[in-house]
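# Observations on the three-dimensional arrangement
The primary structure of each chain is shown beneath.
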Amino acid sequence: MTIETTFDRLTEEEKYEHFLNRIDAGEKIEPNDWMPDDYRQSLIRLISMHGISEIMGALPEKEWVPKAPSLHRKLAIMAKVQDEMGHGQLLLRVAEDLMEPLGKNREDIMQDLFSGRLKFHNVFHMKAPTWGDAGIIAWLVDGAAIISQSMMLNSSYGPYARALKRICAEEVFHAQHGESIIMALAEGTPEQRELLQDSLNRWWTALLMFFGPKAKENASTSHVDKNMRYKIREKTNEELRQEFFTKYVPRIWSLGLTIPDETIHFDEEQGLWVYQDPDWSEFKQIVTGNGPQSKERLELREVSYENNRWVREALNPTAKAI
Amino acid sequence: MTQDKALVELLYSLADDDFILAYRGSEWLGLAPHIEEDVAYSSINQDMMGHATRLYRILEELGEGKADEISHLRKPEQFRNAILLEERNGEGTYLEKPDFDWAFAVVRNYFYTVHKKIRMESLRKSSYEPLKDTALKVSIELQYHLMHWDMWFKQLMTSTDEAKRRMTSAIERCWIEMNGVLSLGPMADEMTSKGYVASEEDMREKWLTHMKKTFEEINAPFPKRLAMSKGNGRQGEHTEDLKTALQTLSEVYETNPTAGW
Ligand SMILES: [Fe+2]
Ligand SMILES: [Fe+2]
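Below, the structure is looked at part by part. (Residues numbered from 1 in each chain as written. Chains lettered and ligands numbered in written order. Predicted model: local features only at pLDDT ≥ 70, side-chain atom pairs only at ≥ 80, totals over all residues. Heavy atoms only, no water.)

With that settled, consider the overall build of chain A. For chain A, the helix and strand inventory stands at 13 helices and two strands. Over its C-alpha atoms chain A spans a radius of gyration of 21 Å, differing by no more than 12% from the 20 Å that the globule rule assigns to 322 residues. Along the three orthogonal principal directions, the C-alpha set of chain A runs to about 70 × 60 × 35 Å. Counting all 322 residues of chain A, 55% fall into the buried class. In chain A, of all internal contacts separated by at least 6 residues, the share reaching a separation of at least 24 is 75%. Approximately 14200 Å² of chain A is accessible, and the part contributed by carbon and sulfur atoms is 52%. Here chain A carries 39 positive and 51 negative side-chain charges, and the mean point of each set is 4 Å from the other. (Helix = DSSP H or I, 4+ residues; strand = E, 2+ residues; numbered from the N terminus. Rg over C-alpha atoms; globule rule 2.2 N^0.38 Å. Buried < 20%, exposed > 50% of the residue type's maximum accessible area, 1.4 Å probe, protein only. Contact = heavy atoms within 4.5 Å. Areas by Shrake-Rupley, 256 points an atom, 1.4 Å probe, with all protein chains shown as cover. Lys, Arg positive; Asp, Glu negative; His and termini not counted. Charge placed at Lys NZ, Arg CZ, Asp CG, Glu CD.)

In structure tokens:
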């Protein structure tokens, strides 16, 4: 009680300093703790994008749930997509707590998604036309997600760090499920191998883009700097992409697959992977809702949201939203 | 074990019911009324797909062919599921402009799950050991499914006028096909006399009793006579909806059933 009243008497600058000291000491910030507005905004941006990406990410794979080519695969992909929805749910709840003092809720998140204000990961704007894509998504997109999420396991925001711990544990199973699909195709008939190679070709650029642009020339990287200062994240986009190469390029090659980038190699001198940079203007197009499948995916969400309006109203007849 | 036609038919009807309804449920994935429901519903569908898988494996052991083959490659007329369970979720498809009807999903699942529970209770006393074991495992998960649909059914039936109106028309629609679910098919007598499962009449009575209690509880008028309007799936009669469903379900597998997937 006394500590609280003392804290209340501090000036804004003193509160900010106290906050930074806590961050630097590796303390966890909890929802009801004092936090600067830009920290709150950064978290809302990051976590609602992450949450909605999990949910939008369920859509390309969902296309393959009924079509999965055996009972075993059907069960596995059902479980996987359910997990992704579960991740979305968990993360949106964390975001909702942060938005509450601003008078916003899940309805706002959904409306922001439909209006394009809230973006989701580039990979989920892509088409997934074959079963090979279901394998590549689970193996490499989830693999990439594990890498980018693991660096936030120590996030300064307690609820996010705890949610990520659970999510990362499940992501490992997803990547295994993907790897198992990939192995079956890689060891299968020539047609199956071709299916797999096609999918890899289709997804490679999107996978590079997944980690975001390299340098500061892009505005969104200033968020990266801030998030690193606030210890929300620990690594830069490029560091994550390099980790991805180190983990997956040798595995892809060992399956006898070809990476659709003739230049990619590990440069011993620099200790870095050298590769063909994707077209970042295309990336911008994709995440702003002009990707190959952006409209269709959003429409699917929007149509179902509208169709079920009567259900939400029935559950809560007095409230306008949710 | 010699080929026992009645047993095989019973197993197919049990497996196909779960297989097809789990498929219809999986089409809802990502489209449910809210995210929490998406997670819960997909967990139920997984359970049902798991139940179907167990039953197809029993059929495999009986020499009917590999579980993946019999689930993916039979012709529509070889399926023994009830017609109500194969019907589309609504207009559109799960990939394009899905105009799905949540009231229909709730009512169909609720009606089916109540029957499934009654059926499983009877199968726990089955003279056929593998069915007995399966029924025990299934019953544990089923408890949760029933709670889930019971809650949805009662909640929507006692809320806004629009919800009541939509639910009532879904009830009418399911009621006139429900006898297809309750039916054991042409070999019903043999299934019962061999002690595989309780009699159709007995299970129908139990289902009606359960429903009467539910309708009384929520103060809703009890629908008139049950029917089976579009045919009996237990003897291979089906609609176009099953045909398209099976095309989707086997689209990839069919490209090469002998390959490893
Ligand atoms: Fe996830
Ligand atoms: Fe995942």
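Resuming the write-up.
Another point: the coordination of the iron ion (ligand 2). Residues and elements named next belong to chain A. The coordination sphere of the iron ion (ligand 2) contains the protein donors Glu84 (OE), Asp142 (OD), Glu171 (OE) and His174 (ND1), at a distance range of 1.9 to 2.2 Å. For the iron ion (ligand 2), the four donor atoms are set out with angles of 86 to 167° between them, so the coordination reads as irregular. Ordering the donors of the iron ion (ligand 2) by residue number gives the pattern E-x57-D-x28-E-x2-H. A separation of 3.4 Å is found between the iron ion (ligand 2) and the iron ion (ligand 1), both of which receive a donor from Glu84. Here Asp142, found in helix α6 (residues 131-150), pairs with His174, found in helix α7 (residues 158-186); they are 32 residues apart in sequence, far enough to count as distant. Residue classification places Asp142 among the buried residues on the basis of a relative accessible area of 4%. (Donors = N, O, S within 2.8 Å, 3.2 Å for Na, K, Ca; no water. Tetrahedral: all angles 85-135°; square planar, octahedral: opposite > 155°, others 65-115°.)

Moving on to the pattern of salt bridges. Counted according to the given criterion, the structure contains 42 salt bridges over all chains. Residues Glu243 of chain A and Lys235 of chain A are paired through a salt bridge, measuring 2.9 Å at the closest nitrogen-oxygen approach. Two residues, Asp17 of chain B and Arg234 of chain B, come together in a salt bridge whose shortest N-O distance is 2.9 Å. Of this pair, Asp17 of chain B sits in helix α1 (residues 5-27) while Arg234 of chain B sits in the loop between α10 (200-217) and α11 (240-250), placing them 217 residues apart in sequence. Since its relative accessible area comes to 0%, Asp17 of chain B is described here as buried. When its relative accessible area of 2% is taken as the criterion, Arg234 of chain B is described as buried. (Salt bridge = Lys/Arg side-chain N within 4 Å of Asp/Glu carboxyl O.)

Before going further, it helps to examine the coordination of the iron ion (ligand 1). Note on the iron ion (ligand 1): its protein donors are Glu54 of chain A (OE), Glu84 of chain A (OE), His87 of chain A (ND1) and Glu171 of chain A (OE). The metal-donor distances range over 2.0 to 2.2 Å. Considering all four donor atoms around the iron ion (ligand 1), angles at the metal cover 83 to 151° and the coordination shape is irregular.

Scanning the entire structure with this criterion turns up 36 aromatic pairs over all chains. Ring centres 5.3 Å apart and planes at 75° place the aromatic pair Trp102 of chain B and Trp152 of chain B in the edge-to-face group. Linking Trp102 of chain B in helix α5 (residues 102-123) with Trp152 of chain B in helix α6 (residues 129-157), this pair joins segments that are 50 residues apart in sequence. Centre to centre, the rings of Tyr128 of chain B and Tyr196 of chain B are 6.4 Å apart; their planes meet at 80°, and the pair counts as edge-to-face. With Tyr128 of chain B in the loop between α5 and α6 and Tyr196 of chain B in the loop between α9 (188-193) and α10, this residue pair connects regions lying 68 residues apart in the sequence. Tyr196 of chain B shares its class with Tyr128 of chain B; the two are buried. Three or more aromatic residues link up through ring pairs in this structure, and these residues are Trp139, Trp204, Phe210, Phe211, Phe244, Phe245, Tyr248, Trp253, Phe266, Trp273 and Tyr275 of chain A. In this arrangement the basic side chain of Arg74 of chain B is found over the ring face of Phe79 of chain B, its NZ or CZ atom lying 4.0 Å from the centre. Cation over ring: Arg173 of chain B sits above Phe104 of chain B, and NZ or CZ is 3.6 Å from the ring centre. (Phe/Tyr/Trp six-rings, centres within 6.5 Å; stacked < 30°, edge-to-face > 60°. Lys NZ or Arg CZ within 6 Å of the ring centre and 35° of its normal.)

With that out of the way, let us pick up the interface of chain B and chain A. Listed per partner, the contact involves 53 residues of chain B and 44 residues of chain A. Considering only the side of chain B, the residues that lose the most area to chain A are Leu29, Ile35 and Trp261 of chain B, jointly responsible for 18% of the buried surface there. Where chain B meets chain A, there are five salt bridges. Inspection of the region where chain B meets chain A yields 17 residue pairs in polar contact (both at pLDDT 80 or more). Going through the elements one at a time, α1, α2 (35-61), α3 (67-72), β2 (99-100), α5, α6, α7 (161-175) and α11 of chain B are the ones with two or more residues in the side of chain B that touches chain A. The element contributing the most residues to the side of chain B that touches chain A is α2 of chain B, with 12 residues. (Buried area = accessible area lost by both parts, 1.4 Å probe. Polar contact = N/O pair within 3.5 Å; in protein donor to acceptor, adjacent residues only side chain to side chain.)

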